[in-house]
Structure formats: structure tokens, C-alpha cells
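Below are the chains, spelled out letter by letter.
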Amino acid sequence: MATKIRLQRFGKKGKPFFHIVVADARAPRDGKFIERLGSYNPNTNPATIELNFDKAVTWVLNGAEPTDTARAILSYKGALYKKHLEGGIRKGALTQEQADAKFATWLETKAGKIAGKSEGLATTKAEARKAALAAEAKKNEDRAAAIAAKNAPVAEEVVEEVATEEAPAVEAEAATEAPAEETQAEDKAE
């Protein structure tokens, strides 16, 4: 019987969650399986992968063929690299101690990369938050300045309008009085 290591989809629409299982190649995607190896949650950043490493390596060594996505997950966790090292031990190219040392260094570098990505995401998120707060503060200051500018000139404009309205009225009265006096003076002269 041909076995495959593949993903079974769970979760709701738009929020997938997968179980990593070993199943008969003829079984449907979400159907009957032989053994559950772990889970994969792509909704988190970085993706959360829980894997029973020893069972996964055992199944890969026994000939279970992973699908493309399952292969990427097994490679990410180091199961395929462990299979590669086991093949070197069987051929006599490596000793068990050398293989264990190589795998330990690989795990350390992989953990460093994952930690670096997590830190990078955290700093990026903090910088984005800081920039958003600064933009919001600037927007609030601009809004406050616009409100103050709107309220302050209104009081000054009213005073200026009253002053300008009174000045033309006084000038108009003076202008109407002056021609009247001139006409009266002209009448007297005649």
C-alpha cells in the first residue's frame, strides 16, 4: 500500500488549519488516515508547526511520500535533513556522533533564523505603531489648529466688520451733509 504524508484541512472559511497525517494514497483528502503526525497553522506569522519529529522521520525512512506542502514543512522542521544524515550513516560516510553534531548545528542556525524573523516582525510592528501614533498626533494638532483658526478670526472679523461698517456710514453722512451745505451756500449766493 502506497502511503503519503499530507495535510488534512480543518478550520473555517478563510482561516485554514491543517493536520499533518500519514494516509493511504487512495484515501480522500479529509478522509481516513493511518497516523496523525502534527499540525500546521498558516494563520500566524511565522506559521505555527507542531510535529512529532521521531514519527515523521520513521515514516519518511519507511518510504512514505510527502506531498509538496508536506515536504516543505518536513524540510523546515529538519525531518528530511535527518533522513539525509541517516542515509550517510548507513553508507558509512558518517558516524552517528558526526551526524548528531551536524544536525545540532543545523537546529541552532534554524532557531536563530526563526528568532531573527520574529524579532524583525516585532520591531516592524512597533515602528508601524509608532508611525501611526505620530501621524495621528499630527492630524489631531492640525485639526486643533484649524478649529482655533476658525474660531479666532471670526471674533476679529466681526470687530473689523463693525469698524468698517461704521466708517463708511460716518463718511456717507459727512458726504451727504457736505453737498447739502454746498447747495445751501449756493442758494444763498444766488
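Refer to the structure presented above.
These figures come from a predicted structure and were not determined experimentally. (Residues numbered from 1 in each chain as written. Predicted model: local features only at pLDDT ≥ 70, side-chain atom pairs only at ≥ 80, totals over all residues. Heavy atoms only, no water.)

The number of helices and strands found in the protein is four helices and five strands. Going through the 190 residues of the protein one by one, you find that 22% of them count as buried. Sequence separation of 24 or more characterises 36% of the internal contacts of the protein that already satisfy a separation of 6 or more. Counting every atom, the protein has about 13,500 Å² of accessible surface; 56% of that belongs to carbon and sulfur. (Helix = DSSP H or I, 4+ residues; strand = E, 2+ residues; numbered from the N terminus. Buried < 20%, exposed > 50% of the residue type's maximum accessible area, 1.4 Å probe, protein only. Contact = heavy atoms within 4.5 Å. Areas by Shrake-Rupley, 256 points an atom, 1.4 Å probe, with all protein chains shown as cover.)

All right, on to the sheet that holds strand β1 (residues 3-12) then. What the five strands build is an open sheet, ordered β4-β3-β2-β1-β5; its pairing is mixed. Strands with a single pairing partner mark the edges of an open sheet, and in this sheet they are β4 (48-51) and β5 (65-66). Across five bridges, strand β2 (residues 15-24) lies against strand β3 (residues 35-41) in antiparallel orientation. Residue pairing for β3: V22 is matched across the bridge by E35. (Pairing = 2+ DSSP bridges.)

On to the pattern of salt bridges. Applying the stated rule across the entire model yields six salt bridges. As a salt-bridge pair, R29 and D30 come within 2.8 Å of each other at their nearest N and O atoms. For R29, a relative accessible area of 47% gives the class partly exposed. Overall, the relative accessible area of 41% leaves D30 in the partly exposed class. Residue K55 is joined to E35 by a salt bridge in which the shortest nitrogen-to-oxygen separation is 3.0 Å. You can see K55 sitting in helix α1 (residues 53-61) and its partner E35 sitting in strand β3, a full 20 residues away along the chain. Residue classification places E35 among the buried residues on the basis of a relative accessible area of 19%. (Salt bridge = Lys/Arg side-chain N within 4 Å of Asp/Glu carboxyl O.)

Here we take up the pairing of β1. Where β1 meets β2, ten bridges bridge the pair, whose relative direction is antiparallel. Within the sheet, the bridge partner assigned to Q8 lies in β2 and is H19. Here β1 hands over to β2 after two residues, with G14 in that stretch at a positive phi of 85 degrees. Pairing analysis gives two bridges linking β1 to β5, with the strands arranged parallel. Across the sheet, residue K4 finds its bridge partner in β5, namely E65.

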